[in-house]
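Tertiary structure, described
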Amino acid sequence: MRSFIVGRFQPFHKGHLEIIKEVLRDSPSVIIGIGSAQYSHTLKDPFTAGERYLMISSTLENEGIRNFYIVPIEDVNSNPLWVAHVESLTPKFRTVYTNNPLVGRLFYEKGYDARSFKLINRKFWSGTKIREKILNGGEWEPAVPQTVADIIKEVDGVNRLIDLSKTDEDDGLD
Ligand code: NAP
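First, a word on what this report is: a plain description of the structure on this page.

1. Things to note about helix α2 (residues 49-62)
Relative to the 20 Å expected for 14 residues at 1.5 Å per residue, α2 spans 20 Å between its end C-alpha atoms, a close match to the ideal helical length. The inward-facing, buried residues of α2 contact α1 (14-26), β2 (30-34), β3 (68-72), α6 (146-154) and α7 (157-167). Looking one or two residues beyond α2, the residue adopting positive phi is G64, at roughly 80°.

2. Some details on the pattern of salt bridges
Counted by the stated rule, this structure contains eight salt bridges. Of the charged contacts in the structure, one is a salt bridge between E63 and K21, with a shortest N-O distance of 3.0 Å. Placement of E63 in the loop between α2 and β3 and of K21 in helix α1 is noted, with a sequence separation of 42 residues between them. The exposure class of K21 is partly exposed, given its relative accessible area of 26%. In this structure, K166 engages D163 in a salt bridge whose closest nitrogen and oxygen atoms are separated by 3.3 Å. With a gap of three residues between them, K166 and D163 both fall in helix α7, about one helical turn apart.

3. As for the layout of surface pockets
As a volume, the largest pocket reaches approximately 910 Å³. Taken together, 36 residues line the largest pocket, and the ones lying closest to its centre are V6, G7, R8, F9 and N100. The leading source of residues in the lining of the largest pocket is α1, at four residues. Residues that form the lining of the largest pocket fall into these classes: 16 nonpolar, 15 polar and five charged.

4. Description of the sheet that holds strand β4 (residues 95-97)
By way of backbone hydrogen bonds, the strands of a sheet pair with one another, either parallel or antiparallel. Ordered by their spatial adjacency, five strands build an open sheet running β3-β2-β1-β4-β5, and the pairing between neighbours is parallel. Two strands lie at the open edges of the sheet, namely β3 and β5 (113-115), each paired on one side alone. Going from strand to strand, the sheet's axes swing by 25° on average, the running direction of each strand aside. Where β2 meets β3, five bridges bridge the pair, whose relative direction is parallel. Bridge assignment links I31 to a residue of β3, and that residue is Y69.

5. What about unusual backbone geometry?
Cis peptide bonds are those with omega within 30 degrees of zero, and the linkage from Q10 to P11 qualifies with -5°. Although it is not a glycine, S36 adopts a positive phi angle of roughly 50°.

6. Digging into the pairing of β2
Most of β2 is tucked away, with five of its five residues classed as buried. Judged by which residues are buried, β2 turns out to be covered on both faces: V30, I32 and I34 on one side and I31 and G33 on the other are all buried. Relative to β2, strand β1 (residues 3-7) runs parallel, the two being bridged by five bridges. When the sheet's bridge partners are listed, F4 is paired in β2 with I31. Between the parallel elements β1 and β2, the chain passes through α1 in a crossover that is right-handed. Between the parallel pair β2 and β3, the chain is carried across by α2, and the sense of this crossover is right-handed.

Definitions and cut-offs
Residues numbered from 1 in each chain as written. Predicted model: local features only at pLDDT ≥ 70, side-chain atom pairs only at ≥ 80, totals over all residues. Heavy atoms only, no water. Helix = DSSP H or I, 4+ residues; strand = E, 2+ residues; numbered from the N terminus. Expected span 1.5 Å × (residues − 1). Contact = heavy atoms within 4.5 Å. Salt bridge = Lys/Arg side-chain N within 4 Å of Asp/Glu carboxyl O. Buried < 20%, exposed > 50% of the residue type's maximum accessible area, 1.4 Å probe, protein only. 1 Å grid on protein atoms, 1.4 Å probe; cavity = no way out; pocket = protein on both sides within 12 Å on 5 of 7 lines; lining within 4 Å. Points joined across faces, edges and corners; volume = space filled by probe spheres on them. Nonpolar A, V, L, I, M, F, W, Y, C, P; charged D, E, K, R; others polar. Pairing = 2+ DSSP bridges. Axes fitted to C-alpha atoms, helices over the stretch in contact; angles between N-to-C directions. Right-handed = clockwise from strand over helix to strand, strands pointing away.

Everything listed here is a matter of geometry and, on its own, says nothing about what the molecule does.
Listed below in structure tokens is the structure:
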């Protein structure tokens, strides 16, 4: 049966790719939910759902991975209703992989098999750290697949973050 994994993927990085490969060792296919799909152009969520979709699909296709479905998922104003919202948008699945205790709890209470996974190489493979490096001129490219680096440059992502930092009051990266 399919598995489900959700994240904001701001941006999609090598840690996400490794987790997806690991999930696919146990599942015939994976549904990847792009969480907080309505957000973009903030320091915490700089990339649109469409840009994140492209980052994930091009990376997985380059890796020869075909057994995935990507579903952008907007947040809803009620945690108890969120699982039903996810179910209304995705193909059926039985297992959920998440390290977010709230996400795990919400799915567990609806009878799903909610599992956690080990985060890998967090010193470099972390959305927050990558966004910080993009903003501060650090070495962010090695932490993302080449195709993601290309997409970030194509959408002028570095200058987007720099411009956003001029308007946000705090650093807002987390
Ligand atoms: P997240 O904010 O993207 O991730 C939380 C933490 O887990 C981050 O440190 C993230 O690292 C890490 N992480 C997530 N997926 C990972 C992966 N595959 N590999 C490595 N690290 C990973 O989001 P999340 O908590 O996992 O996803 C939950 C999404 O569901 C959010 O968009 C949230 O808004 C949504 N949600 C909505 C509701 C509602 O609408 N009521 C309720 C529950 C959840 P990185 O920063 O490196 O990715």
